[in-house]
Amino acid sequence: VVAVLQGEGLANLFLDSGGSEVIDGGQTMNPSVGQIVEKATAMGAAEVILLPNNSNVLAAANQAVAQHSRLHMVPSVSVPQGLAALLAFNPEESLEHNLEAMSVVLETVISLEVTQAVRDTLLGGEAVHAGQYIGLLQGDIKATGETPEGALMAIFNEIVTSADQIVTIFRGIDATPNASQNVQAELVDLFPGIQVDLIDGGQPHFHYLASVE
């Protein structure tokens, strides 16, 4: 299994979770079709499953799959989706079984992203000013905030409703450990007993990636 992503922490997490290789790329640095095919063929595996982990990478991933018969794709559009798909992978099962199991699990993950607006813009009918933080839910603008943690909590406040849910927060390179720990503590205060995992993802561009399952 090969994953496209950025961030040392995320790369180590994917490799430690059973992934075979990581291709550096994501929101603003999409790998080329050639890079994807080269990485897949260099592994020497009979079959390779690709996790693009970003909607911007899907086009190149589709072209790479069309060019190489040993390359297959599970269409993850976020890092949390990709990680869930990887955890569903079983090397003792057939390719067909894995492709189905990994694709099905994508629907079980709610993905969040927090980034910063670089210029004034109008998003979803709402004015967003340069420097503001934007919270995205499943790829759509859902909240804005003066801090990345404020934008993240605004979405959590809407979708986290029970201590039975599992929340995973991937801290980006521009987020501070103390601030992310405060978000973790706030969720635990609101829902005693809830599982909130905080991971140093080290990803650029996104202060936070997160999932709710």
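Quick note: structure is the one above.
The rules we used
- Residues numbered from 1 in each chain as written.
- Predicted model: local features only at pLDDT ≥ 70, side-chain atom pairs only at ≥ 80, totals over all residues.
- Heavy atoms only, no water.
- Pairing = 2+ DSSP bridges.
- Helix = DSSP H or I, 4+ residues; strand = E, 2+ residues; numbered from the N terminus.
- Axes fitted to C-alpha atoms, helices over the stretch in contact; angles between N-to-C directions.
- Salt bridge = Lys/Arg side-chain N within 4 Å of Asp/Glu carboxyl O.
- Buried < 20%, exposed > 50% of the residue type's maximum accessible area, 1.4 Å probe, protein only.

**Q** Please explain the sheet that holds strand β2 (residues 21–24) as it appears in this structure.
**A** With parallel pairing, the four strands of this open sheet are ordered in space as β2-β1-β3-β4. Both outer strands of the open sheet, β2 and β4 (71–73), are each paired with one neighbouring strand and no more. Looking at each pair of strands side by side, their axes are set apart by 30 degrees on average, direction ignored. Direction of pairing for strand β1 (residues 2–5) relative to strand β3 (residues 48–51): parallel, over a ladder of two bridges. Within β3, the residue paired with Val-2 across the bridge is Leu-50.

**Q** Explain the sheet that holds strand β9 (residues 140–145) to me, please; I cannot follow it from the model alone.
**A** Strand pairs in the sheet, formed through backbone hydrogen bonds, run parallel or antiparallel to each other. One open sheet holds the six strands; their spatial order is β9-β8-β5-β12-β10-β11, and the pairing between them is mixed. Only two strands of the sheet have a single neighbouring strand rather than two, namely β9 and β11 (195–200). Pairs of neighbouring strands in the sheet enclose a mean axial angle of 20 degrees, with direction left out of account. Summarising the sheet, strand β8 (residues 133–137) and β9 pair through five bridges and their orientation is antiparallel. Looking at β9, one finds that Gly-135 is bridged to Ala-143.

**Q** Would you take a moment to explain the pattern of salt bridges for this structure?
**A** Pairs can form between side chains of opposite charge whenever their charged atoms are close. By the definition in use, this model includes three salt bridges. Two residues, Lys-39 and Glu-21, come together in a salt bridge whose shortest N-O distance is 3.9 Å. With a gap of 18 residues between them, Lys-39 in helix α2 (residues 33–42) and Glu-21 in strand β2 connect regions that are remote in the sequence. Judged by relative accessible area, Glu-21 falls into the partly exposed class, the value being 30%.

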